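Letter by letter, the chains look like this.
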Amino acid sequence: MKVIQPSFTGGEISPSLYARTDLERYASSVRTCRNFIVSSFGGLYNRPGTRYIAPTKTNQKVRLIPFQFNTEQTYVIELGNGYARFYSNGFQVTSGGSPVEITTPWSATDVWDLRFTQSADVLYLTHPNYPPQMIERTSASSFTITPYAAKEGPFQPVNPDQSALMASSAVTGNVTLTSNSGAFQAGMVGQFVYLENANLSANKPWTSGEKNCAVGQFRVNAGNTYQCIAQSSGGTYVLCGGNAPQHNEGAEWDGPGDVRSDGTANYSVGCLWQYIDAGYGIAQITGFTNANTVSAFVTKRLPAGVIGGAGTPAHTWSMTGDGSTVIFPLAGNVTNIPTNYSVTIGGVQVQWNPNYDPNPNGPAPIGSSGSGGFTGGGVGQGSRQ
């Protein structure tokens, strides 16, 4: 008995399903489908063969990777020793009778370790020993290759030391970054630096219905900083509208700008908010000066709070001494009586008397007699860390 099978869209099935005639898919499946391609309409047709198109550039082994611009324009890229050539529709892509070719950074052995992915007309390629590259199709017979330019990272781990500060000379363009902790190294050239305000309390949050927010005032919403650059008119006062600013470029109104009445006076609704920054900024280090200074280019506008000098680390003193007595100045020095001062480090009071002997009744008074000590200034007993 012959059985007609009009569709093969079920494809090959597992041997464990050979007896599952109760499955609906069984009727459109096959045991083996070799050297055939299943059509989306159900039929089968012979797979195409291969044919000689052109020799490789060096007649040596190369890597072939796909590049699909759309459903009608597809390419095969020939990657060899420092070059790439292209094939499409069964022919080598040429220009003026010569193969279209671009120069690549990879050696013949390295092309086998490439990883790639495609987005639209750009192919992204990575290799552990090379900077990421982008091969871009600019026309049907034209391609370019450029290094991938990262804009927002990657970054080193966020600095946990609150006393280590960093500052920039400007919010955009080519800037100078300074550090108070010697954080920079020559090998950091090319790395990205993430800077954010250490204190975010300077700007109030944007609030719907805020009355008479003056032009020039800054407000924060959704992590972004905005500046009021205009107010709606027509009333005796202005309220912020109900559309919270969330844009990340340009300026937008938060209200319709219409005039309303509170029963006593007319007022208008709406302020125009200019996007300023995202509360943080990014700069790429372009040159090393020393451990405290580098040059950089801002890739994402920096907040105004990081502009200026980084200062010096908190809680540092300039000390001098003779090997047994250390002297450091204190502002407002009016007396040198040791009982007027104490020193606390890490929450623990430091004994100025080097001969101090702890006892079960608690520590000896700070002013107990003994050799050594310190000299400082200030009125009354204070604490320094």
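Shown above is the structure to which this text applies.
Definitions and cut-offs
As a convention, each chain's residues are numbered from 1 in the sequence order in which they are written. Per-residue local features are limited, in this predicted model, to residues with pLDDT of at least 70; the limit for side-chain atom pairs, both in listing and counting, is 80 or more; totals at the level of whole chains, interfaces and linings are taken over all residues. To obtain the side-chain values, all non-hydrogen atoms of the structure were included, while hydrogens and water were left out. For the purposes of this entry, the term helix denotes a DSSP run of H or I that reaches at least four residues, the term strand denotes a run of E that reaches at least two, and both are numbered from the N terminus. When checking whether two residues touch, look at their non-hydrogen atoms; a contact exists if any pair is within 4.5 Å. All accessible areas in this document rest on Shrake-Rupley with a 1.4 Å probe, and a residue is counted as covered only by the protein chains that are shown. Ring pairs are drawn from Phe, Tyr and Trp, using the six-membered ring of Trp, whenever the two centres fall within 6.5 Å, and their geometry is named by plane angle: stacked under 30 degrees, edge-to-face over 60, tilted for the rest. Here the term buried applies to any residue with accessible area under 20% of the maximum for its type, exposed to any over 50%, and partly exposed to those in between, with areas from a 1.4 Å probe on protein chains only. For a Lys NZ or an Arg CZ to count as sitting over a ring, it must be within 6 Å of the ring centre and within 35 degrees of the ring normal. Cavity: a set of points on a 1 Å grid over the protein atoms alone where a 1.4 Å probe fits but cannot get out. Pocket: an open set with protein on both sides within 12 Å along at least five of seven lines, its lining residues, like those of a cavity, having an atom within 4 Å of a point. Grid points are joined across faces, edges and corners, and a volume is the space filled by probe spheres set on the points. Definition of nonpolar core: a set of buried residues of the types Ala, Val, Leu, Ile, Met, Phe, Trp, Tyr and Cys, connected through side-chain atoms within 4.5 Å. In this scheme, strands are said to pair when DSSP sees at least two bridges between them. The residues that make up patches have over 30% relative accessible area and no salt bridge, and they are joined within 9 Å when like-charged or within 5 Å when they are Val, Leu, Ile, Met, Phe, Trp or Tyr. Only one rule defines a salt bridge in this text: a Lys or Arg side-chain nitrogen within 4 Å of an Asp or Glu carboxyl oxygen. Here a polar contact means two N or O atoms within 3.5 Å. Within protein one must be a hydrogen donor candidate and the other an acceptor candidate, and residues neighboring in sequence count only if both atoms are side-chain atoms.

**Some thoughts on the overall build of the chain**
Of regular secondary structure, the chain possesses 0 helices and 32 strands. A sequence separation of at least 24 residues applies to 53% of the contacts in the chain between residues at least 6 apart. Only carbon and sulfur atoms are counted for the fraction: they give 52% of the accessible area of the chain, which is about 23,700 Å².

**Notes on the packing of aromatic side chains**
Counting across every chain of the model gives 8 aromatic pairs. Centroid distance Y124 to Y148: 6.0 Å. Interplanar angle 80 degrees. Geometry classified as edge-to-face. Taken together, the residues span a long stretch of sequence, with Y124 in strand β13 (residues 122-127) and Y148 in the loop between β15 (142-147) and β16 (166-168) at a distance of 24 residues. Its relative accessible area of 29% is what places Y124 among the partly exposed residues. Taken together, the ring pairs in this structure connect F67, Y75, F86 and F143 into an aromatic cluster. One residue, R51, lies across the ring of F91, its end atom 5.5 Å from the ring centre.

**Remarks on the layout of surface pockets**
When its volume is computed, the largest pocket comes out at roughly 1,400 Å³. Lining the largest pocket we find 50 residues, and of these M166, Y194, L195, E196 and V306 sit closest to its centre. Counting residues per element, the ones that place at least two in the lining of the largest pocket are β16, β18 (192-196), β20 (218-221), β21 (224-231), β26 (271-277) and β27 (280-290). Take the lining of the largest pocket: its biggest share by element is 5 residues, from β18.

**Side note on the side chain of T225**
In this structure, T225 sits in strand β21. Residue T225 is classed as buried on the basis of its relative accessible area of 7%. If we skip the residues at most four places from it in the chain, T225 touches N203, F218, R219, V220, Q274, Y275, I276, D277 and G279.

**Focus: the nonpolar core**
Grouped together as the largest cluster of nonpolar side chains are 18 residues, with contacts concentrated most on I77, L79, F86, L125, I135 and F143. Of all elements in the fold, only β5 (63-68), β6 (74-80), β7 (83-88), β13 and β15 reach the threshold of two or more residues within this core. For this core, the element with the most residues is β6, which contributes 3 residues. Among residues more than four places away in sequence, those in contact with L79 are V62, R63, I65, A84, W106, V111, L114 and L125. If you look at the next biggest cluster of nonpolar residues, it comprises 14 residues, including F184, M188, L195 and L302.

**Description of the pairing of strand β14 (residues 130-139)**
Where β13 lies against β14, 5 bridges are found, and the strand directions are antiparallel. Across the sheet, residue H127 finds its bridge partner in β14, namely Y130. Pairing of β14 with β15, which is carried by 6 bridges, proceeds in the antiparallel orientation. Bridge pairing links I135 to I145 in β15. The hairpin turn running from β14 into β15, its antiparallel successor, is 2 residues long.

**A short note on a nonpolar patch on the surface**
Together, F36, V38 and L44 make up an exposed nonpolar region whose accessible area comes to about 220 Å². By the element assignment, F36 lies in strand β3 (residues 36-38). Using a relative accessible area of 41% as the deciding quantity, one classes F36 as partly exposed.

**Structural notes on the sheet that holds strand β19 (residues 204-205)**
The strand order across the open sheet built from 5 strands is β19-β20-β21-β26-β23, with neighbouring strands paired in mixed fashion. Whereas interior strands pair on both sides, the edge strands pair on one side only; in this sheet they are β19 and β23 (251-253). Of the pairings in the sheet, the one linking β23 to β26 comprises 3 bridges and is antiparallel in character. The residue bridging W253 from the neighbouring strand is L272, located in β26.

**Re the pattern of salt bridges**
Per the stated rule, a full pass over the model turns up 5 salt bridges. A salt bridge links R219 to E210; the nearest nitrogen and oxygen atoms lie 2.7 Å apart. A salt bridge links D258 to R260, with the shortest nitrogen-to-oxygen separation between them at 3.1 Å. With relative accessibility at 36%, the residue R260 sits in the partly exposed group.

**A look at the side chain of S168**
Structurally, the position occupied by S168 is in strand β16. A polar contact is formed between the side chain of S168 and the backbone oxygen of A170, at a distance of 2.7 Å. Those residues in contact with S168 that sit more than four places away from it in its chain are V175, T176, L177, L302, V306, I307 and G308.

**A word on the pairing of β20**
Going residue by residue along β20, you find R219 and N221 tucked away on one face and F218 and V220 left uncovered on the opposite face. Taken together, the 4 bridges between β20 and β21 define a ladder with antiparallel strand orientation. By the bridge assignment, V220 is partnered in β21 with T225. Adjacent in sequence and paired antiparallel, β20 and β21 are bridged by 2 residues, among which A222 carries a positive phi angle near 55 degrees.

**Considering the environment of F288**
Mapped onto the secondary structure, F288 falls in strand β27. Residues F288 and Q185, 103 residues apart in the sequence, show an inter-C-alpha distance of 7.2 Å. Excluding residues that lie within four positions of it along the chain, F288 makes contacts with F184, Q185, A186, V189, T293 and V294.

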